[in-house]
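Notes for the structure review
The lines below spell out each chain.
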Amino acid sequence: MNESTNQFYLDRQNQTESNARTYPRKFPIAIKQAKGSYLIDVEGNKYLDFLCGAGTLALGHNDDEVNQAMINLLTNDFPLHTLDLTTPIKDTFVQTLFSLLPEELRTNGKIQFCSPSGTDAVDAAIKLCKTATGRSSVIAFGGGYHGMGHGALALTGNLNAKSQVNGLMPDVHFFPYPYSYRCPFGLGGEAGVDAACAVFERTLKDPESGITKPAAVILETIQGEGGVVPAPIKFLQTVRRVTKELDIPMIVDEIQCGIGRSGKFFAFEYADIVPDVILASKAIGGSQPMSVVIYHKDLDAWQPGAHAGTFRGNQLAMAAGTIVMNRVSKPEFLAEVVEKGQMIVDRMTALMQEVSIIGDIRNKGLMLGIEFVDPHGQKDQLGSLPQSGVIAAKVQKECFNNRLIMEKGGRYGSVMRCLCALNVTKDEVRLMLDIAEKAIRKVDADVNSHR
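Cut-offs used in this document
- Residues numbered from 1 in each chain as written.
- Predicted model: local features only at pLDDT ≥ 70, side-chain atom pairs only at ≥ 80, totals over all residues.
- Heavy atoms only, no water.
- UniProt positions renumbered as here; feature names shortened; annotations may be inferred.
- Helix = DSSP H or I, 4+ residues; strand = E, 2+ residues; numbered from the N terminus.
- Axes fitted to C-alpha atoms, helices over the stretch in contact; angles between N-to-C directions.
- Parallel < 35°, antiparallel > 145°, perpendicular 65-115°, else oblique.
- Left-handed = near helix turned anticlockwise from the far one by under 90°.
- Contact = heavy atoms within 4.5 Å.
- Nonpolar A, V, L, I, M, F, W, Y, C, P; charged D, E, K, R; others polar.
- Pairing = 2+ DSSP bridges.
- Expected span 1.5 Å × (residues − 1).
- Buried < 20%, exposed > 50% of the residue type's maximum accessible area, 1.4 Å probe, protein only.
- Polar contact = N/O pair within 3.5 Å; in protein donor to acceptor, adjacent residues only side chain to side chain.
- 1 Å grid on protein atoms, 1.4 Å probe; cavity = no way out; pocket = protein on both sides within 12 Å on 5 of 7 lines; lining within 4 Å.
- Points joined across faces, edges and corners; volume = space filled by probe spheres on them.

For the protein chain, the name recorded in an unreviewed UniProt entry is Diaminobutyrate--2-oxoglutarate transaminase family protein, with Sphaerochaeta associata as its organism. According to its UniProt record, the protein chain has this under Cofactor (unreviewed entry): "pyridoxal 5'-phosphate". As its UniProt record puts it under Sequence similarities (unreviewed entry), the protein chain is described as follows: "Belongs to the class-III pyridoxal-phosphate-dependent aminotransferase family."

Now the structure itself:
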């Protein structure tokens, strides 16, 4: 077969790569080049990339400044692999990151560099909190996603990912997470938020709850894989207040929603809270593998070697990540993230009034989700139509056929998610909207024509 075709590489991949692969099933291409918000496959087709490494590429593919920083390391004999030995590059990275933390953590913080994936940061944080508190149980939330490691998966809500793996970390207790459109209490709005707050506080303060005092509470400030569900400010503030009152470490997982994606450097800043532990990965490595745990020094009960990782000294990621942090943290940059996110919300909200398959639109900045529904299904007590992963998949495929790459998530895969580069141009946003709107209108017409 011709080596210049996508199918040549897809067939070879199919012969050799694990059945666990996912993206090639939705986007059957072999990528040859990438720049900014665009990908080019081996056949010369150009795609607008609104997935960007699942949110890893905050400045898009092959940003000139990021690449130059890495080239400088490669061409001047800088160390690239240092375990946890320090270097001037590492020191600059740490000082830059700490300068962006809330004051309480800036002056009392510690950092643990982990193995490259965010799931290891999750495992490290749980180990840290169990070590510091001497306790064993952990509180997590329905809809949460914390990774595929054995411990992190136990904290993840998605049952499909867990059902085939026996013996995950025990003593994990799940609480409802506010989700107004599909409120776990069947209430919606402020009443649903109040109920989530009350259940969390009353259960943890109830001597008959059956849940021993936990070593930690972990949550995503904005649930990503769970369908782009932002935690209400009141809920975050309640969790922070209650965990402080009960001396329970609060871990915020900012692996996907952090580093500027929400329109704040960290999404928890919207609630004006200071967590005990922050998890960061994806974008913080500037396109290179990196994960870190930032935590209050009072939790630093580890002995030397208590958590390790061969690749925790990735100097390329530290150099690149410093540039990303410096650029993304600028107020004018974050303001543009909010503005571009609002462009998408405004256009999709207008479209929502004209089609039947969009149920809800949720966002903070450029972390955005569009929930697709079956317009012919039965509404629940809140008036929400059933989620439709089938319809979302049709929209995704139609977008791909028109050279736009976007990923799904949420319950039943019903939510199309925007994970574009944060420096995406407004013209690129408009192009995405044109393609997405055309795809949604086509699928909407098809769905309704078959009635």
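Let's pick the thread back up.
1. Let's talk about unusual backbone geometry
The backbone of Asp77 sits at a positive phi, close to 60°, despite the residue not being glycine. Assignment of secondary structure puts Asp77 in the loop between helix 4 (64-75) and helix 5 (88-99). Of note, the phi angle at Ser287 is positive, near 100°, even though the residue is not glycine. Looking at the secondary structure, you find Ser287 in the loop between strand 11 (277-280) and strand 12 (292-296).

2. Describing the environment of Ile71
As for its position among the elements, Ile71 is in helix 4. Along the primary structure Ile71 and Leu316 are separated by 245 residues, whereas in three dimensions their C-alpha atoms are 9.0 Å apart.

3. Digging into the packing of helix 14 (residues 389-401) against helix 15 (residues 426-449)
Running from N to C, helix 14 and helix 15 point in directions that differ by 135°, and their axes come no closer than 9 Å. Taken together, the axis directions place helix 14 and helix 15 in an arrangement best described as oblique. In this structure, helix 14 crosses over helix 15, and the sense of that crossing is right-handed. On helix 15, the residues that touch Ile391, Lys394, Val395, Glu398 and Cys399 of helix 14 are Ile435, Ala436, Ala439, Ile440, Lys442, Val443 and Val447. Its residues assigned to classes, the contact of helix 14 with helix 15 comprises nine nonpolar, no polar and three charged.

4. Let's talk about the sheet that holds strand 11
Overall, mixed pairing links the seven strands, which are arranged 4-12-11-10-7-5-6 in an open sheet. Two strands close off the open sheet at either side, each with one partner strand: strand 4 (109-113) and strand 6 (172-175). Ignoring strand direction, the axes of neighbouring strands in this sheet form an average angle of 20°. Looking at chain direction, strand 5 (residues 138-141) and strand 7 (residues 216-220) are connected through two bridges and run parallel. Directly across from Val138, in strand 7, lies its bridge partner Ala216. In the packing of helix 10 (residues 189-204) onto the sheet, the strands contacted are strand 5, strand 6 and strand 7, and the crossing angle to strand 6 comes to about 145°.

5. Quick word on helix 5
Three- or four-residue spacings in an α-helix give side chains the same orientation, since the helix completes a turn every 3.6 residues. Here helix 5 is 12 residues long and its end C-alpha atoms lie 16 Å apart, about the 16 Å a rise of 1.5 Å per residue gives. Residues Ile89, Lys90, Phe93, Val94, Thr96, Leu97 and Phe98 constitute the buried set of helix 5. On its buried face, helix 5 sits against helix 4, helix 6 (103-108), strand 4, strand 12 and helix 12 (315-328).

6. Focus on the sheet that holds strand 1 (residues 31-35)
On the basis of which strands lie adjacent, the open sheet formed by four strands has the order 1-2-3-15 and mixed pairing. Strand pairing shows two members of the sheet lacking a second neighbour, strand 1 and strand 15 (404-405), which therefore form its edges. As paired strands, strand 1 and strand 2 (residues 38-41) are joined by four bridges and run antiparallel to one another. Bridge pairing in strand 2 places Gln33 opposite Ile40.

7. Considerations on the environment of Asp63
Note that Asp63 resides in the loop between helix 3 (52-55) and helix 4. You can call Asp63 buried: its relative accessible area is 13%. Taking the C-alpha atoms as reference points, Asp63 and Ala320, 257 residues apart in sequence, are found 9.8 Å from one another. If sequence neighbours within four positions are ignored, Asp63 has contacts with Arg327 and Asn423. A polar contact of 3.0 Å, which involves the side chain of Asp63, links it to the backbone nitrogen of Val66.

8. Considerations on the side chain of Arg240
Along the chain, Arg240 turns up in helix 11 (residues 233-245). At a separation of 2.8 Å, a polar atom in the side chain of Arg240 contacts the main-chain carbonyl oxygen of Val274. At 2.8 Å, the side chain of Arg240 forms a polar contact with the side chain of Asp276. Among all residues touching Arg240, those that are not within four sequence positions of it are Ile248, Met250, Ile273, Val274, Pro275 and Asp276.

9. As for the layout of surface pockets
The computed volume of the second largest pocket comes to approximately 440 Å³. Along its surface, the second largest pocket is lined by 19 residues, and Asp84, Lys90, Ile111, Gln112 and Phe113 are the ones closest to its centre. Counting residues per element, the ones that place at least two in the lining of the second largest pocket are helix 5 and strand 4.

10. A short note on the packing of helix 13 (residues 331-352) against helix 15
Packing of helix 13 against helix 15 brings their axes to within 11 Å, and their N-to-C directions diverge by 20°. Here helix 15 runs roughly parallel to helix 13, going by the angle between their axes. Taken as a pair, helix 13 and helix 15 cross one another with a handedness that is right-handed. Contacts between helix 13 and helix 15 involve Glu339, Lys340, Met343, Ile344, Arg347, Met348 and Leu351 on the former and, on the latter, Lys426, Val429, Arg430, Met432, Leu433, Asp434, Glu437, Ile440 and Arg441.

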